[in-house]
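# Descriptive analysis of the structure
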Amino acid sequence: MKDTFTSGCRVLLIALVGLAVTGAAFVTGFGAGAVVAPLSPALSSTGLEPPRWLPLPTATPTVSLEPSEEEGEAFDLFWEVWHILEEEYYGTLPDEKEMTYGAIRGVLDTLDDQNTVFFDPDMAAIMREDMSGSFEGIGAFVRMREDGRLMIAAPIEGQPAEAAGLRAGDIVLEADGVLLEGMNVYEAIQHIRGPEGSFVRLKILREDTAEPFIVEIERASIPMPTVDAEMLDGGIAYVKLYEFNSLASAQLKSTLEELLNESPRGLIFDLRNNPGGFLDEAVNVTSQFISEGMVLIERFSDETEEVYEARAGGLALEVPLVVLVNGGSASASEIVAGAIQDSGRGTLIGETTFGKGSVQMLHNLRDNSELRVTIARWFTPDGRLIHGEGLEPDIVVELTSEDLDANRDPQLDRAVEYLLDGQ
């Protein structure tokens, strides 16, 4: 079975659970995992970060399982090496399945595309588990930095990672003595996630500490929220969307109905640290704020493109709107924020977004492993490429480690000020 999804930055939840998508167009955030296991986008979800998704009708191409004559000749060399290793290698070889998986990963590494990826059955199962809505892990969003280090994007409020004192920006060097640097995010989160009631020892490097330190965390079952909301002082409505799972637009619409009944003076839509999710949900969410026009453009390697338009039935079409974004806002989050910015419907406040916008076809393979293949990239309605660039907010407000330590949120404060004062 194959599915399409858009991969954003890949941030996963440290709940340490994986992102699972079947039969759907998918937009993930960072390449990170939720260490909730996983943190996706950052916060994606792996217990990590969030993503779950709604199926889109997608053509399923036919893939030939029989090699051509040229392919057969090319692989003669592979088998020649394989058999030499079997006969001559001094040491213990992995079993044939692990060698096959290693060969597949080696081929994918040559593509230099972190979003075209292979998951063995165990990791694929973790990704599918993420669809259940709760995970067993430490409860944090994580992402892999460019230097190959796993970083806490954000601990989940009220969960073990936060209780243990982990902060956004912390680097996870080791899990139970296993060095995580150099792993991909999915491999790393497998060492952090685990059953409820078990413990994991993390070696943490923090910017303001001279030496790494150990934090022992008891894993728990982590329920993944989709939407949070409240009325702030001054009559400002506030909504936070954690991920674009299959429930996102429905829960957002229900929440907006309640908030709009309060006749708010303005609305703050918080997409910070939202790693992405289903492409269809991104369109549905955008349509709550934009009544008509383009939401995104999807462009393929053959230069064809597909345009996604806003859908009828939006609720928050006129209320003054601010969208909060940061470096953890990826993929589906960038689709929504980009459409709102290009249409002039709302003002973006915060920090430059992650900058990831590619579309993958998901293949469920014969042994329950998964292959995700990049097939397209998406652009904002004005034709802006987000991949590798990100969205620049209309009003830039940084959130520093000192702000986090003092429990301050200058980005939220600026959004409230903007809606109350109009500037």
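Look a little higher up for the structure.
Numbers given to residues run from 1 along each chain, matching the order in which its sequence is written. Given that the model is predicted, a residue must reach a pLDDT of at least 70 before its local features are reported, and side-chain atom pairs must reach 80 or more before they are shown or counted; all residues, however, enter totals for whole chains, interfaces and linings. With hydrogens and water excluded, all non-hydrogen atoms of the structure serve as input to the side-chain values.

## Details of the overall build of the chain
When its secondary structure is counted, the chain shows 10 helices and 23 strands. With 423 residues in all, the chain has 53% of them scored as buried. A 1.4 Å probe and the Shrake-Rupley method give the accessible areas. Residues count as covered only by the protein chains that appear here. About 18,400 Å² of surface is accessible on the chain, with carbon and sulfur atoms providing 48% of the total. Helical segments are the DSSP runs of H or I of at least four residues, strand segments are the runs of E of at least two, and each set is numbered from the N terminus. The buried label goes to any residue with under 20% of its type's maximum accessible area, the exposed label to any with over 50%, and the partly exposed label to all in between, with areas taken from a 1.4 Å probe on protein chains only.

## With respect to the packing of aromatic side chains
Within 6.5 Å between ring centres, the rings of Phe, Tyr and Trp (the latter by its six-membered ring) count as paired, and their orientation is classed by plane angle as stacked under 30 degrees, edge-to-face over 60, tilted in between. Counted by the stated rule, this structure contains six aromatic pairs. Consider the rings of F75 and F78, whose centres lie 6.1 Å apart with planes at 70°: the pair is edge-to-face. One end of the pair is F75 and the other is F78, both in helix α1 (residues 69–88) and three residues apart, which spans about a single turn. For F75, a relative accessible area of 48% translates into the label partly exposed. Its relative accessible area of 28% is what places F78 among the partly exposed residues.

## Considering the pairing of strand β21 (residues 358–364)
Burial within β21 is extensive, with six of its seven residues counted as buried. Note on pairing: DSSP must find at least two bridges between two strands before they are called paired. Relative to strand β22 (residues 370–379), β21 is paired through seven bridges, and the arrangement is antiparallel. Looking across to β22, one finds that Q360 is bridged to T374. In this antiparallel pair of consecutive strands, β21 and β22, the connection spans five residues, and N368 shows a positive phi of 75°.

## Brief notes about the nonpolar core
Only buried residues count toward a nonpolar core. Its members are Ala, Val, Leu, Ile, Met, Phe, Trp, Tyr and Cys residues joined through side-chain atoms within 4.5 Å. L267, F269, F289 and V323 are the most contacted members of the largest nonpolar core, which totals 39 residues. Residue contacts are counted whenever heavy atoms from the two residues lie within 4.5 Å of one another. Discounting residues that sit within four places of it in the chain, F269 has contacts with V239, L241, L252, V285, F289, L321, V322, V323, L324 and V336. With 28 residues, the next largest nonpolar core counts V117, M127, Y186 and A188 among its residues.

## A closer look at the packing of helix α6 (residues 248–260) against helix α7 (residues 279–286)
Think of each axis as a best-fit line through the C-alpha atoms, taken over the contacting stretch in the case of a helix, with angles from 0 to 180 degrees between the N-to-C directions. Across the interface, α6 lies against α7 with an axial gap of 8 Å and an inter-helix angle of 20°. In terms of axis orientation, α6 runs roughly parallel to α7. Seen from above, α6 lies across α7 with right-handed handedness. On α7, the residues touching A248, S249 and L252 of α6 are E281, N284 and V285. Classification used: nonpolar for Ala, Val, Leu, Ile, Met, Phe, Trp, Tyr, Cys and Pro, charged for Asp, Glu, Lys and Arg, polar for all others including Gly. A class-by-class count of the residues in the contact of α6 with α7 yields three nonpolar, two polar and one charged. Here is the rule for angles: anything less than 35 degrees is roughly parallel, anything more than 145 is roughly antiparallel, 65 through 115 is roughly perpendicular, and the remaining ranges are oblique. Throughout, a crossing is termed right-handed when the near helix is turned clockwise from the far one, and left-handed when it is turned anticlockwise from it by less than a right angle.

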